[in-house]
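Architecture at a glance
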Amino acid sequence: MLGRLSLALPIALLLATSLASASPFVFTAIPDEDETRLQQRFQKVADYLEEELEVEVRFVPVKSYAAAVTAFRNDQVQLAWFGGLSGVQARQRVPGSQAIAQGVEDPDYKSYVIAHRDSGLTPVEGDTAPEGLRGLTFSFGSKSSTSGRLMPEYFLRNDFDAAPEEIFERVGFSGNHSRTISLVASGAYQAGVVSYKAWENEVAAGNVDTEAVQVVWETPPYPDYQWTIRGDVDERFGDGFSQRVQQALLDMDDPALLESFPRSGFIPVDNDDYEIIRQVGQQLDILD
């Protein structure tokens, strides 16, 4: 009896040690809002994925778009909710990584150019940016933001045939969409550009003084946010794990979870769907 117990004890300890040391599945998201709100948004997503995947899942916030790409490259996270540009950057740094899901709204994403009421700008329609932007002070979001910098800059360059520094009196980079809205609303910048989803979310939450700031132009559409997963997750978590992650994202239908993004649902996507983002990034020399 003692022999059996002494044999069973090391096996039990070995199993316990193995379970305790099992690596969690970690994901992050680009910080398009402040860090506290990101944690609130994505912790419930982590809980959902943990239940669906039957592994420990952790969400870790990062302080910048570049930090999200670095965490993915260094294998500190295995999955990330990226913007179009940051996703392309991450996949270039980690061969074999794949875009696996995007929001229903993401194939036809857009940006809003917003302006302080005192700027004199009024809303215009059409694919061409308003001429009244010329000579104003202007804030982009993060330097690596697709909707807050890359695609709006591309459209502005085409429309004005000039670089932003030649179009505007002063150009800034706020760091995220929420901060851009605040800067324009306060008058620190006369105009700026934000994700249309971020604008609508902030307005719905009552965080925008619409007496001070308004949307004056909507850009043409382009592909944006997506989930990207590292190509080596199956080796760590078992065959077919990446497909299970994709299916869990596609099956997400709880409005409370989808509100975290906010999206109405997720659809399949692959790397080729972001080729236009890669090309524009190269053209503007910001795909580093």
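See the structure above.
These remarks concern the structure in this document. (Residues numbered from 1 in each chain as written. Predicted model: local features only at pLDDT ≥ 70, side-chain atom pairs only at ≥ 80, totals over all residues. Heavy atoms only, no water.)

A closer look at the packing of helix α7 (residues 177-186) against helix α8 (residues 196-204)
The condition is simple: A fitted line through C-alpha atoms represents every axis, and for helices the fit uses only the stretch in contact; the resulting angles, taken between N-to-C directions, go from 0 to 180 degrees. Helix and strand assignments come from DSSP, with helices taken as H or I runs of at least 4 residues and strands as E runs of at least 2, each series counted from the N terminus. We call two directions roughly parallel when the angle between them is under 35 degrees, roughly antiparallel when it is over 145, roughly perpendicular when it lies between 65 and 115, and oblique otherwise. Each helix crossing is assigned a hand: it is left-handed if the near helix lies turned anticlockwise from the far helix by less than a right angle, otherwise right-handed if that turn is clockwise. Should any heavy atoms of two residues lie within 4.5 Å, those residues are counted as being in contact.
Close contact between α7 and α8 brings their axes to 9 Å; oriented N to C, the two are set at 65 degrees. Classified by the interaxial angle, the pair formed by α7 and α8 is roughly perpendicular. The hand of the α7/α8 crossing is right-handed. In this structure, α7 uses H177, S178 and I181 to contact α8, whose residues at the interface are A198, W199 and E202.

Quick notes on the pattern of salt bridges
Opposite charge on two side chains permits pairing when their charged atoms draw close. Going by this rule: Salt bridge, as used here: a side-chain nitrogen of Lys or Arg that lies within 4 Å of a carboxyl oxygen of Asp or Glu. Burial here depends on accessible area, computed with a 1.4 Å probe over protein chains only, as a share of the maximum for the residue type. Under 20% is buried, over 50% is exposed, and the range in between is partly exposed.
Inspection of the entire model under this criterion finds ten salt bridges. The shortest N-O distance in the salt bridge between R236 and D75 comes to 2.3 Å. Residue R236 is found in helix α9 (residues 233-237), and its partner D75 is found in the loop between α3 (65-73) and β3 (79-82); the two are separated by 161 residues along the sequence. We classify D75 as partly exposed; its relative accessible area is 24%. Between E153 and R157 there is a salt bridge, with its nearest N and O atoms 2.8 Å apart. Of this pair, E153 and R157 are both found in helix α5 (residues 146-160), four residues apart, which corresponds to roughly one turn of the helix. Bridged by salt links that share partners, the residues D75, R230, D232 and R236 form one connected network.

A closer look at the packing of aromatic side chains
Rules: Any two of the Phe, Tyr and Trp rings considered here, Trp counted by its six-membered ring, make a pair once their centres fall within 6.5 Å; the pair's planes then place it as stacked at under 30 degrees, edge-to-face at over 60, or tilted in between. Here, a charge over a ring means that NZ of Lys or CZ of Arg falls within 6 Å of the ring centre while also lying within 35 degrees of the ring normal.
A full pass over the atoms with the stated rule returns 25 aromatic pairs. Ring centres 6.4 Å apart and planes at 45 degrees place the aromatic pair F155 and Y222 in the tilted group. Taken together, the residues span a long stretch of sequence, with F155 in helix α5 and Y222 in the loop between β9 (213-218) and β10 (226-229) at a distance of 67 residues. Y222 carries the same exposure label as F155, and that label is buried. The residue whose ring lies beneath R263 is Y225, and the NZ or CZ to ring-centre distance is 5.0 Å.

Topic: the sheet that holds strand β6 (residues 137-140)
We count it as follows: Pairs of strands are assigned from DSSP output, requiring at least two bridges between the strands.
The five strands lie next to each other as β7-β6-β8-β5-β9, forming an open sheet whose pairing is mixed. Either end of the sheet is taken by a strand with one partner, and the two such strands are β7 (170-173) and β9. Sheet twist, expressed as the mean angle between neighbouring strand axes with direction ignored, is 30 degrees. One ladder, built from two bridges, connects β6 with strand β8 (residues 191-195); its direction is parallel. Among the inter-strand pairings, F138 is bridged to a residue of β8, identified as A191. With respect to the sheet, α7 is in contact with β5 (111-116), β6, β8 and β9, its orientation differing from that of β8 by roughly 155 degrees. With respect to the sheet, α8 is in contact with β5, β8 and β9, its orientation differing from that of β8 by roughly 95 degrees.

Points about α5
In plain terms, the rule: Here, expected helix span is obtained from the residue count minus one, scaled by 1.5 Å. A residue's bend is given by the angle between axes fitted to the 7 residues ending at it and the 7 residues starting at it. A 3.5 Å cut-off defines polar contacts: any pair of N or O atoms within that distance qualifies, except that in protein one atom must be a possible hydrogen donor and the other a possible acceptor, and neighbouring residues in sequence count only when both atoms are side-chain atoms.
For α5, spanning 15 residues, the distance from its first C-alpha to its last is 19 Å, which sits close to the expected 21 Å at 1.5 Å a residue. Approximately 30 degrees is the largest bend angle found in α5, and it occurs at P152. The element α5 is largely enclosed, with a buried count of eleven among its 15 residues. For α5, the full list of buried residues reads T146, S147, G148, R149, L150, M151, P152, E153, F155, L156 and F160. One side-chain oxygen at the N-terminal end of α5 lies 2.8 Å from the backbone nitrogen of G148; it belongs to S145.

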